[in-house]
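What follows is each chain in one-letter form.
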Amino acid sequence: MIESIDITPVLTGKHLEALRFQMLDQSHGKPVTHSLKVMCEGKMKALFLKAEDWEPVSALSYASALRALSLMKFTPATHSRRGPVKRQIVGGDLLLGWMRGYMPDSEDIFRAGHRDHFTAAFWLIPLLKDFEQAMAKHLPGYYSFHLAQSARLVRPGRERLKTLHMVEQEYERMLLRDWDKKNRRYLFPGSEAFSTLTLNQNICFGAHRDGHNVPGTLSCLTALGSYQGGALCFPRLGMTFDIRPRDLVIADTNEEYHGTVGGIFGNRYSVVAYLHGSLLPNRRATE
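This structure is a prediction, so every number in the text was calculated from the model and none was measured.

Criteria and thresholds
Residues numbered from 1 in each chain as written. Predicted model: local features only at pLDDT ≥ 70, side-chain atom pairs only at ≥ 80, totals over all residues. Heavy atoms only, no water. Core = buried A, V, L, I, M, F, W, Y, C linked by side-chain atoms within 4.5 Å. Buried < 20%, exposed > 50% of the residue type's maximum accessible area, 1.4 Å probe, protein only. Contact = heavy atoms within 4.5 Å. Helix = DSSP H or I, 4+ residues; strand = E, 2+ residues; numbered from the N terminus. 1 Å grid on protein atoms, 1.4 Å probe; cavity = no way out; pocket = protein on both sides within 12 Å on 5 of 7 lines; lining within 4 Å. Points joined across faces, edges and corners; volume = space filled by probe spheres on them. Nonpolar A, V, L, I, M, F, W, Y, C, P; charged D, E, K, R; others polar.

Chemist: Explain the nonpolar core to me, please; I cannot follow it from the model alone.
Modeler: Within soluble globular proteins, side chains that are nonpolar generally end up buried alongside one another. Among the nonpolar cores identified, the biggest contains 38 residues, and Met72, Leu96, Leu124, Phe131, Leu197, Leu199 and Ile250 are the most heavily contacted of them. Setting aside residues no more than four positions away along its own chain, Ile250 makes contact with Met44, Lys45, Ala46, Leu47, Ala134, Met135, Leu139, Leu218, Ser219 and Cys220. Counting 20 residues, the second-largest nonpolar core is a separate cluster that includes Ile7, Leu36, Ala46 and Ile243.

Chemist: How do you make sense of the environment of Leu248 when you look at a structure like this?
Modeler: Residue position: Leu248 is located in strand β10 (residues 248–251). A residue is classified by how much of its surface remains accessible, and Leu248, at 0% relative accessible area, is buried. Sequence separation between Leu248 and Pro56 is 192 residues, and the spatial gap between their C-alpha atoms is 6.4 Å. With residues near it in sequence (within four places) discarded, Leu248 still touches Leu47, Phe48, Leu49, Pro56, Phe131, Ala134, Cys220 and Leu221.

Chemist: Is there a simple way to explain empty space enclosed by the protein in this structure?
Modeler: Unfilled space is identified by rolling a water-sized probe across the atoms. The full count for this structure, using the stated rule, is 1 cavity of 30 Å³ or more. Counted as a void, the largest cavity has a volume near 30 Å³. For the lining of the largest cavity, the elements supplying multiple residues, two or more each, are β8 (219–234) and β10. The element best represented in the lining of the largest cavity is β8, accounting for 4 residues. Per-class residue counts for the lining of the largest cavity are 5 nonpolar, 2 polar and no charged.

The structure is reproduced here in structure tokens:
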């Protein structure tokens, strides 16, 4: 059994808002070192699964994902438009899957980073399957809700990718074209539960909440590499999770402020998987 606790928020209102985009420290959250389910105000806020307890990420999935990440070219953090990372001068990030953003009509909502790393991204699928299995095993009621939300992300029948001509390798263009014809949902190829992945390399984040995911859904996050530091803090909950390789956090990053505590030493990747709210039919109709 996983220990479950119901807590009272330690920060509220203006004290919490004052932390927006600020770097957090050890005073903002007590370290959590064991598998734990955290409830707050009647809602599930975080599930921390330690590798030594539950093996939420298999050794094979971990190795496969690490290979994928090593093959990808990350966008330098200095070029990021994301508020929580604008001050960073090291590291990089990469967005895979689908997300509507501020872009010209000539661009696809299937992100360029995925298009340009289409075959390498297949190595991430075993990791995503582990995420799905962990939700199904430990949060079965929530997972049914999550899948119902992912089923809503349906692509219009005639929508096709518009930037295939920008793919250099012919075999990748063929793969993308064939997948595009058959795929009728805004989901990451190979996944039934996630539309979008954010990949990070050696980035420290100021406190923020995601705010644009499908309402009521949780994100899955793990870390990979050889590193120290980069613990994930939820200041309203007063908790910090030091995510080690093959650990998994399933959390309400959409509503809860979260950020990095301390620096990162070594080479640390993180993979965050979620459902992006911009892909919902009612959102698309108004954008």
